[in-house]
Amino acid sequence: MLSPDDLAAIGLTLRLAGLTTLLLLLVGTPIAWWLARSQHWLKGPIGAVVTLPLVLPPAVLGFYLLVLLGPEGPLGQLTQALGLGLLPFTFPGLVLASAIYSMPFVIQPLQQAFAAIGDGPLEAAATLRASPLDTFLSVALPLARPGFITAAILGFAHTVGEFGVVLMIGGNIPGKTQVLSMAIYNHVEALEYGQAHWLAGGMLLFSFVVLLALNLRGWQRSV
Amino acid sequence: MSIAARFAIRYAGFSLTAEFDLPGHGITALFGPSGSGKSTLLRAIAGLERWPASHLRVNDSVWQDATSFLPTHRRPLGYVFQHANLFPHLSVGRNLDYGARRAGAAARRVVRDDIIELLGIGALLERMPARLSGGEQQRVAIARALLTGPELLLMDEPLAALDLARKNEILPYLETLHDTLDIPVLYVSHAPDEVARLADHLLVLDAGAIVAQGPLAETLARTDLPIPLGEDAGVVLDAYVRERDARWHLARVEFPGGELWVRDGGQAIGSRVRLRILARDVSIALERPEGSSIMNALPATVDEIAGEPHPALALVRLNAGNSPLLARLTRRSADLLALTPGASVWAQIKAVALIG
């Protein structure tokens, strides 16, 4: 069955995915809103940067993050100057890397949900004395609710499944940065197929349930 | 109460320059063909679009000038869009409260229950917008705008997205609104029948410029309107119901130019009604017509004879006791009758529409 290390990996993975999703919903909402509403010329380039992790090999992303956050990297020097120390091979470093890795999975559904609202309700709110912030909170957010649920589910599930970035930036430290996919990898390396089955099967079931939930939501909305 | 505006609007392939003063009461129709810039102008007045080098003053407050621009949500206006734009996540009642709650003191100028009754939406308050018909949605949207206690109501083709039946369902409400509330309305429309029915004042736009403006009856009676109204050319007159004939279901109405028998629309004796007489329904005779099925004939003098886009037709403006009438004839008829300004004639009126 599951060893204490396996349980620690599961706990760490859930904590990582939860924090990453929360962080992305907070930071991603204004970015998605801006991408959906702005006519600015930077919209194209920024939209591309935000989507980049979708197509980039995780190892490439992890490598650059490692360099940037390392002792010689500009971000690494910044975190050291701020007294935060170095982020690679720590849990906060993992959260940061996961957030970048899963960013498109949160921002894209949000951006689409905001864009789908259209100008009509927002302009109507303005003519009904609602300030832009008020309009955002009282009209845009409630109307984009399905997008938020989709974004949270996709962001969480995608973070749970990551491997390459975590390996690069987090190493493989049990109880500290060893996540589920890495625990599976370790078991396979050690020829402990039984334990690998438990974890892999759990992941399979989890992914299936997530997709099922998403589909059921879509089905409910279309009725 | 008045509105003074000067707008300079320019975007790819379109420019609009408009300077106008509007009365602070009644319904002013912004009328013109599609693409004439009337909706753009209305959006600029609401602050939904911002154009530099423009100026707008409503009553005593400046909404926009060279240095200042009041954002839409700070302008005491009501706006009714072509599509109702109700908030789909809020019930009808909460849609109504949305603006009213934010408008604060201004909203107390109107009584919620009165507006709800005026628009006949009392039974809909618990419903969600998706469960309403197009006409019902638009009535809720109008009520929602009115409940902010606006100083100016802007309506952007509020009937254009509705079918004829829904249109006829809403028009009476708009007329009641006109008679009951003392809020100036700017009403964008490209439909001459709506304008004739509702407006008091007319602003005609064509290709980005104001081409005519003035009181409705006066402006509609012009023969030189730059956008020919064709089949819709005609005059609008105010008249009073004097007699109702129960046997023939007719009503005798009186206006400065004389009396007309019209289909009885159920209005009480003494009530004021608006008549619309289309130019194509008026013919001209030199003698008082006898033995005709047309029961309405009025003595008049010829004011002016103007051409029509089709070379076969002429538009004749008549003066019947200081009320203008328009008659559309063939140029051949005008020639045969030897019509000249000042000539005394009889106007035969085949049809009169009683519009509200």
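Residues numbered from 1 in each chain as written. Chains lettered and ligands numbered in written order. Predicted model: local features only at pLDDT ≥ 70, side-chain atom pairs only at ≥ 80, totals over all residues. Heavy atoms only, no water.

The name recorded for chain B in an unreviewed UniProt entry is Molybdenum ABC transporter ATP-binding protein, from Rhodocyclus tenuis.

Per an unreviewed UniProt entry, the recorded name for chain A is Molybdenum transport system permease, and the organism is Rhodocyclus tenuis. According to the UniProt record, the Sequence similarities (unreviewed entry) comment for chain A reads "Belongs to the binding-protein-dependent transport system permease family. CysTW subfamily." What UniProt records for chain A under Function (unreviewed entry) is the sentence "Part of the binding-protein-dependent transport system for molybdenum; probably responsible for the translocation of the substrate across the membrane." (UniProt positions renumbered as here; feature names shortened; annotations may be inferred.)

Draft legend 1. View of the interface of chain B and chain A. Counting from both sides, the interface comprises 21 residues of chain B and, opposite them, 18 residues of chain A. Both faces considered, chain B and chain A share a buried interface measuring about 1700 Å² in area, 64% of it formed by carbon and sulfur atoms. At the boundary of chain B with chain A, the tally comes to two salt bridges. A salt bridge links Arg102(B) to Asp134(A); the shortest N-O distance between them is 2.6 Å. There are eight residue pairs in polar contact (both at pLDDT 80 or more) connecting chain B and chain A. Elements with a minimum of two residues in the side of chain B that touches chain A: β6 (77-80), α2 (92-103) and α4 (134-146) of chain B. The leading source of residues in the side of chain B that touches chain A is α2(B), at four residues. Residue classes in the side of chain B that touches chain A are distributed as 11 nonpolar, six polar and four charged. (Contact = heavy atoms within 4.5 Å. Buried area = accessible area lost by both parts, 1.4 Å probe. Salt bridge = Lys/Arg side-chain N within 4 Å of Asp/Glu carboxyl O. Polar contact = N/O pair within 3.5 Å; in protein donor to acceptor, adjacent residues only side chain to side chain. Helix = DSSP H or I, 4+ residues; strand = E, 2+ residues; numbered from the N terminus. Nonpolar A, V, L, I, M, F, W, Y, C, P; charged D, E, K, R; others polar.)

Draft legend 2. Examining the nonpolar core more closely. Counting 57 residues, the largest nonpolar core has Phe114(A), Leu41(B), Ile45(B) and Leu154(B) as the members making the most contacts within it. In terms of residue count, helix α5 (residues 91-117) of chain A provides more of this core than any other element does, eight residues in total. Among residues more than four places away in sequence, those in contact with Ile45(B) are Phe7(B), Phe20(B), Leu56(B), Trp63(B), Arg75(B), Leu77(B), Leu152(B), Leu154(B) and Leu186(B). Core analysis: the second largest hydrophobic core is formed by 49 residues, Ala196(B), Val204(B), Ala221(B) and Val253(B) among them. (Core = buried A, V, L, I, M, F, W, Y, C linked by side-chain atoms within 4.5 Å. Buried < 20%, exposed > 50% of the residue type's maximum accessible area, 1.4 Å probe, protein only.)

Draft legend 3. Quick peek at the domain arrangement of chain B. Residue and element names in this part refer to chain B. The domains assigned to chain B are domain 1 (2-228) and domain 2 (234-355). A C-alpha centroid distance of 32 Å is found between domain 1 and domain 2. Contact between domain 1 and domain 2 buries roughly 1100 Å² in total, counting both sides, with carbon and sulfur atoms accounting for 59%. Of all residues in domain 1, Ala196, Ala221 and Thr223 bury the most surface against domain 2, accounting for 47% of the area lost on that side. Note that Asp200 is salt-bridged to Arg274, the shortest N-O span being 3.4 Å. Across the contact surface, domain 1 and domain 2 share four residue pairs in polar contact (both at pLDDT 80 or more). Residue classes in the side of domain 1 that touches domain 2 are distributed as 10 nonpolar, one polar and five charged. (Domains from an automatic or database assignment.)

Draft legend 4. Region of interest: a nonpolar patch on the surface. Residues and elements named next belong to chain A. A surface patch of nonpolar side chains, amounting to about 470 Å² of accessible area, comprises Leu68, Leu75, Leu78, Leu82 and Leu84. Tracing the backbone through its elements, the reader meets Leu68 in helix α3 (residues 58-69). Residue class for Leu68 comes out partly exposed when judged on its relative accessible area of 35%. (Patch = residues over 30% accessible without salt bridge, like charges linked within 9 Å, V, L, I, M, F, W, Y side chains within 5 Å. Areas by Shrake-Rupley, 256 points an atom, 1.4 Å probe, with all protein chains shown as cover.)

Draft legend 5. Summary view of the UniProt feature "domain: ABC transmembrane type-1" (unreviewed entry) in chain A. The positions UniProt marks with the feature "domain: ABC transmembrane type-1" (unreviewed entry) are residues 10-216 of chain A. Annotated as 80% helix and 0% strand, the span residues 10-216 of chain A places its first and last C-alpha atoms 26 Å apart.

Draft legend 6. Quick peek at the pattern of salt bridges. With the rule as written, the count across this model stands at 19 salt bridges over all chains. Taking the shortest distance from any N to any O, the salt bridge between Arg127(B) and Glu136(B) comes out at 4.0 Å. Residue classification places Arg127(B) among the partly exposed residues on the basis of a relative accessible area of 33%. Residue Arg317(B) pairs with Asp303(B) through a salt bridge whose shortest N-O separation is 3.5 Å. Within this pair, whereas Arg317(B) is found in strand β17 (residues 313-320), its partner Asp303(B) is found in strand β16 (residues 296-307), the two being separated by 14 residues in sequence. Exposure remark for Asp303(B): the relative accessible area of 34% places this residue in the partly exposed category. Salt bridges sharing partners connect three or more residues here, namely Glu123(A), Arg43(B) and Glu49(B).

Draft legend 7. Region of the structure containing the packing of helix α6 (residues 119-127) of chain A against helix α7 (residues 132-143) of chain A. Residue and element names in this part refer to chain A. Viewed as axis vectors pointing N to C, α6 and α7 meet at an angle of 155°, and their least axial separation amounts to 10 Å. Regarding the angle of α6 to α7, the classification is roughly antiparallel. Read as a crossing pair, α6 and α7 show a hand that is right-handed. Each of Pro121, Leu122, Ala125 and Ala126 in α6 lies in contact with α7, whose residues at this interface are Thr135, Val139, Ala140 and Leu143. Broken down by class, the residue content of the contact of α6 with α7 amounts to seven nonpolar, one polar and no charged. (Axes fitted to C-alpha atoms, helices over the stretch in contact; angles between N-to-C directions. Parallel < 35°, antiparallel > 145°, perpendicular 65-115°, else oblique. Left-handed = near helix turned anticlockwise from the far one by under 90°.)

Draft legend 8. Structural view of the UniProt feature "transmembrane region" (unreviewed entry) in chain A. Residues and elements named next belong to chain A. Per the UniProt record, "transmembrane region" (unreviewed entry) is found at residues 12-36, 48-69, 81-101, 148-170 and 196-216. Summarising residues 81-101: 57% helix, 0% strand, and an end-to-end C-alpha distance of 25 Å. Each end of residues 196-216 is marked by a C-alpha atom, and these two atoms are 30 Å apart; helix forms 100% of the span and strand 0%.

Draft legend 9. Seen up close, the packing of α5(A) against helix α8 (residues 145-160) of chain A. Residue and element names in this part refer to chain A. Axis separation between α5 and α8 bottoms out at 8 Å; the angle between their running directions is 160°. By the angle between their directions, the pair α5 and α8 is classed as roughly antiparallel. Seen along the crossing, α5 lies across α8 with a hand that is right-handed. Touching Ser98, Tyr101, Ser102, Phe105, Val106, Pro109, Leu110, Ala113 and Phe114 of α5 are Gly147, Phe148, Thr150, Ala151, Leu154, Gly155, His158 and Thr159, all from α8. When grouped by side-chain class, the residues that make up the contact of α5 with α8 number 10 nonpolar, seven polar and no charged.

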